[in-house]
Amino acid sequence: MVVALRVFGRLMFWLSMVLLLALALAWAWDRSDASAAAAATPATPTPAAAAHAG
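Our subject in this report is the structure included herewith.

Rules used in this analysis
Residues numbered from 1 in each chain as written. Predicted model: local features only at pLDDT ≥ 70, side-chain atom pairs only at ≥ 80, totals over all residues. Heavy atoms only, no water. Helix = DSSP H or I, 4+ residues; strand = E, 2+ residues; numbered from the N terminus. Buried < 20%, exposed > 50% of the residue type's maximum accessible area, 1.4 Å probe, protein only. Areas by Shrake-Rupley, 256 points an atom, 1.4 Å probe, with all protein chains shown as cover. Expected span 1.5 Å × (residues − 1). Phe/Tyr/Trp six-rings, centres within 6.5 Å; stacked < 30°, edge-to-face > 60°. Patch = residues over 30% accessible without salt bridge, like charges linked within 9 Å, V, L, I, M, F, W, Y side chains within 5 Å. Salt bridge = Lys/Arg side-chain N within 4 Å of Asp/Glu carboxyl O.

**Side note on the overall build of the protein chain**
Now for step 1: A count of helical and extended segments in the protein chain gives two helices and zero strands.
Now for step 2: Out of the 54 residues in the protein chain, the part that is buried amounts to 0%.
Now for step 3: When the accessible surface of the protein chain is summed, it comes to about 5,000 Å², and 76% of that surface belongs to carbon and sulfur atoms.

So, in structure tokens, the structure goes:
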């Protein structure tokens, strides 16, 4: 019984580590996508947008 609990504890520990790593990678990937999309959009307004605003 004690051995089963130790095995279960180790399994839960490693599964939580893998889940944490997967969440960290997904967060970093999402941030890199967001920064790439922000870099791709022009910071200055287009002439059509400027004419519409003015």
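**Brief notes about helix α1 (residues 2-40)**
Now for step 1: In this model, α1 (39 residues) spans 57 Å end to end at C-alpha, consistent with the 57 Å of a helix rising 1.5 Å per residue.
Now for step 2: Within α1, only zero of the 39 residues are buried, which leaves it mostly out in the open.

**Quick notes on the packing of aromatic side chains**
Now for step 1: Evaluation of the coordinates by the stated rule reveals one aromatic pair.
Now for step 2: On the numbers, 5.0 Å between centres and 75° between planes, the contact of Phe13 with Trp14 is edge-to-face.
Now for step 3: When its relative accessible area of 41% is taken as the criterion, Phe13 is described as partly exposed.

**Brief notes about a nonpolar patch on the surface**
Now for step 1: Taken together, the side chains of Phe8, Leu11, Met12 and Leu15 define a hydrophobic patch exposed on the protein surface, amounting to about 390 Å² of accessible area.
Now for step 2: Mapped onto the secondary structure, Leu15 falls in helix α1.
Now for step 3: For Leu15, a relative accessible area of 48% corresponds to the partly exposed category.

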